[in-house]
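As a plain string of letters, each chain reads:
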Amino acid sequence: MDFSSLGLSSQLLRSISDAGYQQPTPIQEKAIPEVLNRKDILGIAQTGTGKTASFTLPMIDMLAAGRAKARMPRTLILEPTRELAAQVADNFDTYGKYHKLSMALLIGGVSFNEQAKLIDRGVDVLIATPGRLLDHFERGKLMLHGVEILVIDEADRMLDMGFIPDVEKICSLLPITRQTLFFSATMPGEIGQLADRFLHLPVRVEVARPASAAETVKQALVQVPSREKRKVLRTLLSEQKVANAIIFCNRKREVDTLNESLKRHGFSSAALHGDMEQRHRLEVLENFKANNVQLLVASDVAARGLDIPSVSHVFNFDVPVNSDDYIHRIGRTGRAGREGHAFMLATDKDDKYLDAIEKMLGSEIPKITVDGPGGKRPQPAAAKGRRPTRAARKVEDDNRNTRGSDGATSVAEKGSRVAEKGSRNQAVTGTAKKDHRQDTPVVGMGDHVPAFMLRPVVRTNKTGSAANNDID
Ligand code: AMP
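Predicted, not measured: the structure shown is a model, and the values here were computed from it. Position numbers for residues count from 1 along each chain, tracking the sequence in the order it is written. Only residues with pLDDT of at least 70 are given local features in this predicted model, and only at 80 or more are side-chain atom pairs given and counted; all residues enter the totals for whole chains, interfaces and linings. Remark: hydrogens and water are excluded; side-chain values derive from all non-hydrogen atoms of the structure.

Caption draft 1: Fine view of the overall build of the protein chain. The helix and strand inventory of the protein chain stands at 19 helices and 15 strands. Burial classes follow relative accessibility: with a 1.4 Å probe on protein chains only, a residue under 20% of its type's maximum area counts as buried, one over 50% as exposed, and anything between as partly exposed. When each of the 472 residues of the protein chain is scored for burial, the buried share is 55%. Working rule for contacts: check all heavy atoms of both residues, and any pair within 4.5 Å makes them a contact. Sequence-distant contacts in the protein chain: of pairs separated by 6 or more residues, those separated by 24 or more amount to 77%. Accessible surface area values rest on a Shrake-Rupley calculation with a 1.4 Å probe, where residue burial reflects the displayed protein chains alone. As displayed, the protein chain has an accessible area near 20300 Å², and 50% of this comes from carbon and sulfur atoms. The way it works is that DSSP assigns letters per residue, a run of H or I at least four long becomes a helix, a run of E at least two long becomes a strand, and they are numbered from the N terminus.

This is the structure in structure tokens:
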């Protein structure tokens, strides 16, 4: 299927072709005709699937008819973070270049007054984080009863970040007759209930989670004592052919500490987390994209949804607590069919989270051992007695139940079974070290530098920074 069969205008087809896209992605193929038919959408898809264009493209055509009125946006897009909001704005710039659409971005870190002025004049598209939007509304700067289309993007992330009460409040201020497009990477029970409340006879559009991202990503797990983590990371960074890498930590404080430590050891590194000023975050990203800095030490929220092309390696300095974050993290590498490498450092305290990740993946992450810089070799998982995964424990339980009196599997037997798994360990200098990445540029799915990255950012004043929605 190509874009011309989706019912989009010729101007849009032109901008899509300018962007270098040849074919719609599966979510675009399924969602665009339904959005154009004014159907509510329940989209289950992650970043990286082309989901942003699946709602921005039809919206641009639908907005072509009609005009914006002062203070009454015609469409509203809610995003959990400033970066995601800015990326959506950039999508409108890219695809809407042959249309005359007005747009405002209501996010922390961007001048409140400038945005209020834009809204005063009337906007077709309002892209906002929930807290900042309510701020404007409560100051009487905005009326929401003219909203024809509402997009709730990354609903599961909104839930994680505690934004759902704000989203509910916003929905109660919108006309019931609006069209609602609701996207979430996962569908836990609470999100399902929200969708039921916000959507009217929605068309469900689901695309496979990019488990396919993992197909181009070689994963490896290193069991390591906590105090050795930094050392082992440095060894990996030195031994692997790291063109550039994102290193994920679970906490903001760890992001800063690790970044400083890497710099002290002579690595080219920068930190990215939600406490940093917006201007500084964009500067860091720009530097990373321009290869002025090789390593980006980041937290999940700051890095989620970022479209950074050609990252050769991802390091999970901490095992993520939320197993979905693992998929997001490793999805930063191996984009657009290139080969990527993802390493995870795990201590024996991480068993629970590691089990959850492996259960979600449906397989164990291959273990490797790494010689520490001081020559100290962390013990392989089996020897250190890492618990078998939940799946493995279930097999053991099943075996025990079917063995009758003989079934009292000894601890030694269990140990040897786990040790078998451990023997699959490969040396870090083995296959994981080969790098077959192509150097040819890839169009779409990653190589596009969002224009918002290149725009100067207005420094936040005290009032403007009041609503910082980004938590991590
Ligand atoms: P998203 O899932 O919206 O974050 O999109 C991820 C990346 O896919 C972005 O870099 C888009 O520019 C790119 N993209 C979106 N649609 C297409 C398409 N049909 N063909 C190629 N790249 C695309």
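Still more to cover.
Caption draft 2: Examining the sheet that holds strand 4 (residues 125-128) more closely. Strand order in the open sheet formed by 7 strands is 3-4-2-5-6-1-7, with parallel pairing between adjacent strands. What marks the edges here is a single partner per strand, and that holds for strand 3 (103-106) and strand 7 (203-206). For this sheet the average axis-to-axis angle between neighbouring strands, irrespective of direction, equals 15°. One ladder, built from 4 bridges, connects strand 1 (residues 41-44) with strand 7; its direction is parallel. Its bridge partner being in strand 7, I44 is matched across the sheet by E206. Axis angles are defined between N-to-C directions and span 0 to 180 degrees, where every axis is a line fitted to C-alpha atoms and, for a helix, only to the segment in contact. The strands touched by helix 5 (residues 112-121) within the sheet are strand 3 and strand 4, with strand 3 carrying the most contacts at an inclination of about 145°. Two strands pair if DSSP finds at least two bridges between them.

Caption draft 3: Layout of helix 1 (residues 10-18). Among all positions of helix 1, only L12, S15 and I16 are buried. All buried residues of helix 1 lie within an arc of 105° about the axis, which places them on one face of the element. Of the residues flanking the end of helix 1, it is G20, one or two places downstream, whose phi is positive at about 90°. Taking the helix axis as origin, the arc is that swept by the directions to the C-beta atoms.

Caption draft 4: Structural view of the pattern of salt bridges. For this document, the term salt bridge refers to a Lys or Arg side-chain nitrogen within 4 Å of an Asp or Glu carboxyl oxygen. Inspection of every chain in the model, using the stated rule, returns 16 salt bridges. The salt bridge partner of D120 is R71, with a shortest N-O separation of 2.8 Å. Taken as a pair, D120 in helix 5 and R71 in the loop between helix 3 (51-64) and strand 2 (75-78) lie far apart in primary sequence, 49 residues in all. Judged by its relative accessible area of 32%, R71 is partly exposed. Across the pair D318 and K229 runs a salt bridge, and its minimum N-O distance is 2.7 Å. With D318 in the loop between strand 12 (313-316) and helix 15 (323-330) and K229 in helix 11 (residues 229-239), this residue pair connects regions lying 89 residues apart in the sequence.

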